[in-house]
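Understanding the architecture of this molecule
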Amino acid sequence: MNDKTDATTLARQLLDDASGIVEAEPVTGGMSGAAVYRIKRAGYPPCYLKVAAASGADGDSLREEVARTKWLADSSIRVPNILRVAERDGRLAVLTEAMAGIPIEESRLAAPRIAEALARGFAALHKLPPVSCPFDESLCVRLARATQAIAAGAVDPAEFDARNRGVAPATLLRRLIDDRPDEDLVVVHGDATLSNIVIDDSGALGFIDCGTAGRGDRYTDLALLAAEIRDHYGADATEQFVTIYGSRDWDDAKARYYLDLYELF
């Protein structure tokens, strides 16, 4: 769905609101195949509408996001509140409340406060008992998903980091399969970029786009977070993040492995 008028009409139907929608504003960015709109309503906080074809991979991914977001919410993790899920005219639509706070990339908090908030927020997420989590994001699952993505031609090596420039996706995959590290399973977000994190006035984190949350090695999140913190806030903030999180023995080789794996998604 790319038409704002259609999105406005669908949002009104899901909200049972014939007149209160002010605007459906397309949201760009992210890796999801769903169309995303920010829904503004007179007299109400904004909400978000995600729409995908009900059948096929995009619909399946959106259903996974709903299920995993609900599980995290039930586990006392701060995630968007899902208002409605509906299938209409071959489309799957999900309406969620906007979370309190702002994208962490837009926060004016000093780098040390950002690093502390990220460390404490992810430490809390990773303390959830993985045995209770029904969603599998272990290496076996992620490597299989990467294999499917490469076979479908969905991996663009031009987007690889400089360290992997010129490496064919299949070659990188073979290396990852051959060099699999031991796993330390926790509950991970699974796509821990700063763009998927919200922070409120108290410094509490919220997590969005939780479609790949599940049982996975903690470096699934930590490697990507450390790299993004370094890029945005510098090496000192990265060191502070690692220290507050509680990882006394940071594993550079494992972090590189999970960054390389992320190239294939």
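Treat the numbers as computed from the prediction; the structure is a model and nothing was measured. (Residues numbered from 1 in each chain as written. Predicted model: local features only at pLDDT ≥ 70, side-chain atom pairs only at ≥ 80, totals over all residues. Heavy atoms only, no water.)

**Observations concerning the sheet that holds strand E1 (residues 21–26)**
One open sheet accounts for five strands, arranged E1-E2-E3-E5-E4; its pairing is antiparallel. Looking at the sheet topology across the chains shown, the edges are occupied by E1 and strand E4 (82–88). Mean inter-strand twist for the sheet, computed between neighbouring axes without regard to direction, equals 20°. Bridge count between strand E3 (residues 44–53) and strand E5 (residues 91–97): seven bridges; the pairing is antiparallel. Residue Leu49 lies in a different strand from E5, and its bridge partner there is Leu95. Sitting on the sheet, helix H2 (residues 57–74) is in contact with E3, E4 and E5, with an inclination near 140° to E3. (Pairing = 2+ DSSP bridges. Helix = DSSP H or I, 4+ residues; strand = E, 2+ residues; numbered from the N terminus. Axes fitted to C-alpha atoms, helices over the stretch in contact; angles between N-to-C directions. Contact = heavy atoms within 4.5 Å.)

**Structural notes on the side chain of Glu228**
Turning to its location among the elements, Glu228 is positioned in helix H6 (residues 219–233). Notably, Glu228 is buried but unbridged: the nearest opposite-charge side chain belongs to Arg230, and the N-O separation is 11 Å. If near-sequence neighbours (up to four positions away) are discounted, Glu228 is found in contact with Thr193 and Leu194. (Buried < 20%, exposed > 50% of the residue type's maximum accessible area, 1.4 Å probe, protein only. Lys, Arg positive; Asp, Glu negative; His and termini not counted. Salt bridge = Lys/Arg side-chain N within 4 Å of Asp/Glu carboxyl O.)

**Looking at the pattern of salt bridges**
On inspection of all chains with the given rule, the structure shows 17 salt bridges. Among the ionic pairs, Asp209 bridges to Lys50, the shortest N-O distance being 2.6 Å. Here Asp209 is found in the loop between strand E9 (205–207) and strand E10 (214–217), whereas its partner Lys50 is found in strand E3, with 159 residues between them in sequence. Owing to a relative accessible area of 27%, Asp209 belongs among the partly exposed residues under this scheme. Notably, a salt bridge pairs Asp217 with Lys254, separated by 2.7 Å at the nearest N-O pair. Note that Asp217 is positioned in strand E10 and Lys254 in helix H8 (residues 252–262), a separation of 37 residues in sequence. Taken as a pair, Asp217 and Lys254 share a single burial class, namely buried. Here the salt bridges do not stand alone but share partners, grouping Glu64, Arg68, Glu137, Arg142 and Arg145 into one network.

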